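If you want the building blocks of each chain, they are given just below.
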Amino acid sequence: MSDVTVPTGESASVSFWLEKLLRDHHCAMLAGPSGTGKTQTIMGQLKKLDAKETLYTTINMNFFTGGLVLQASLEGVLQKKTGSLYGPPGACHMVYFIDDFNMPTPDKYGTQAAIALLRQQVDYGGFYDLKKLTMKEIRGVQYLGAMNPTAGSFFIIDRMQRHFATFATLFPENDVLYTICLLYTSPSPRDS
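Residues numbered from 1 in each chain as written. Predicted model: local features only at pLDDT ≥ 70, side-chain atom pairs only at ≥ 80, totals over all residues. Heavy atoms only, no water.

(A) Just the pattern of salt bridges, in detail. A complete count under the given rule lists six salt bridges for this structure. We note a salt bridge from K136 to E75, for which the minimum N-O separation is 2.7 Å. Of this pair, K136 sits in strand β7 (residues 135–138) while E75 is found in helix α3 (residues 67–75), placing the two residues 61 residues apart along the sequence. Among the residues examined, K136 registers a relative accessible area of 12% and is labelled buried. On the accessibility criterion, E75 (24% relative accessible area) is partly exposed. In this structure, a network of salt bridges that share partners links the residues E75, D129 and K136. (Salt bridge = Lys/Arg side-chain N within 4 Å of Asp/Glu carboxyl O. Helix = DSSP H or I, 4+ residues; strand = E, 2+ residues; numbered from the N terminus. Buried < 20%, exposed > 50% of the residue type's maximum accessible area, 1.4 Å probe, protein only.)

Written out as structure tokens, the structure is:
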């Protein structure tokens, strides 16, 4: 049942724009309360991608996600191209889906280390190799995010948020739910 999606006018609209943003390699984020289909909508779009051209990986953040763990997750799917240049295997493009984007706990200064690391990669094109203390240049990647603004730290820093086209996902209206119930509970003509 968790793989079944009943499209509504609103979810179809969000899916349309998400598909366009993915194709043009722009960052996108879905924000809304739990149960509004954020993760399922994004996973539906990712599964439609041509696996020969675009790869994707999912990173689930939680309260304890820190910069070191996240950096290891990001680097785990990349290959060294030349010198300090890293990217996805072959000529592919990599999409990182960050679920529960706003969940890492802020430190006493209000910084979320995991999100700061992502911002460094987006703003400066990479992050530092922690052993050699040199910059690793990352190319051919983009980010999709999903966050629940009613949980976690309730927001992410503006300097990171500005990179995302953000869409609100809401619960369907009562008339839409009623129509879905009628469609899936009434007997089909074949059953008569």
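(B) Seen up close, the sheet that holds strand β5 (residues 93–99). The five strands are arranged β2-β5-β8-β1-β9 in an open sheet whose pairing can be described as parallel. Where the open sheet ends on each side, the last strands, each with one partner, are β2 (54–60) and β9 (164–168). Each neighbouring strand pair of the sheet contributes to a mean axis angle of 15°, computed without reference to strand direction. Across five bridges, strand β1 (residues 27–31) lies against β9 in parallel orientation. (Pairing = 2+ DSSP bridges. Axes fitted to C-alpha atoms, helices over the stretch in contact; angles between N-to-C directions.)

(C) Broad picture of the confidence of the model for the protein. In the predicted model, the protein carries a mean pLDDT of 85, and 85% of its residues have values of at least 70. Within the protein, β5 carries the highest mean pLDDT (94), whereas helix α6 (residues 174–185) carries the lowest (67). (pLDDT = per-residue confidence, 0-100.)

(D) Representation of the environment of Q45 within the structure. Structurally, Q45 can be placed in helix α2 (residues 38–47). For Q45, a relative accessible area of 4% puts it in the buried group. Q45 sits 23 residues away from L22 along the chain, and the two C-alpha atoms are 8.5 Å apart. When residues no more than four places from it in sequence are discounted, the contact partners of Q45 are S15, L18, E19 and L22. (Contact = heavy atoms within 4.5 Å.)

(E) Geometry of unusual backbone geometry. Not every positive phi belongs to a glycine, and D100 is a case in point at roughly 55°. Along the chain, the position of D100 falls in the loop between β5 and α4 (113–124). Positive phi is not limited to glycine here, since L133 has a value of about 55°. With respect to the secondary-structure elements, L133 resides in the loop between β6 (126–128) and β7.

(F) Geometry of the pairing of strand β8 (residues 141–147). The buried fraction of β8 is high, at seven of seven residues. Going residue by residue along β8, you find V141, Y143, G145 and M147 tucked away on one face and Q142, L144 and A146 tucked away on the opposite face as well. Note: β1 against β8, four bridges, orientation parallel. Along β8, the bridge assignment pairs L30 with A146. Across six bridges, the pairing between β5 and β8 is parallel. By the bridge assignment, V95 is partnered in β8 with Q142.

(G) View of helix α1 (residues 9–23). The end-to-end C-alpha distance of α1 is 21 Å, a good match for the 21 Å that 15 residues give at a rise of 1.5 Å each. If you check which residues of α1 are buried, you get V14, S15, L18, L21 and L22. Summarising the axial view, the buried residues of α1 lie within an arc of 130°, below the 170-degree limit, and thus occupy one face. Away from its buried face, by an angle of more than 90 degrees, α1 presents the exposed residues G9 and R23. Packing partners of the buried residues in α1 comprise β1, α2, β5, β8 and β9. H25, located one to two residues past α1, shows a positive phi value of around 65°. (Expected span 1.5 Å × (residues − 1). Arc of directions from axis to C-beta.)

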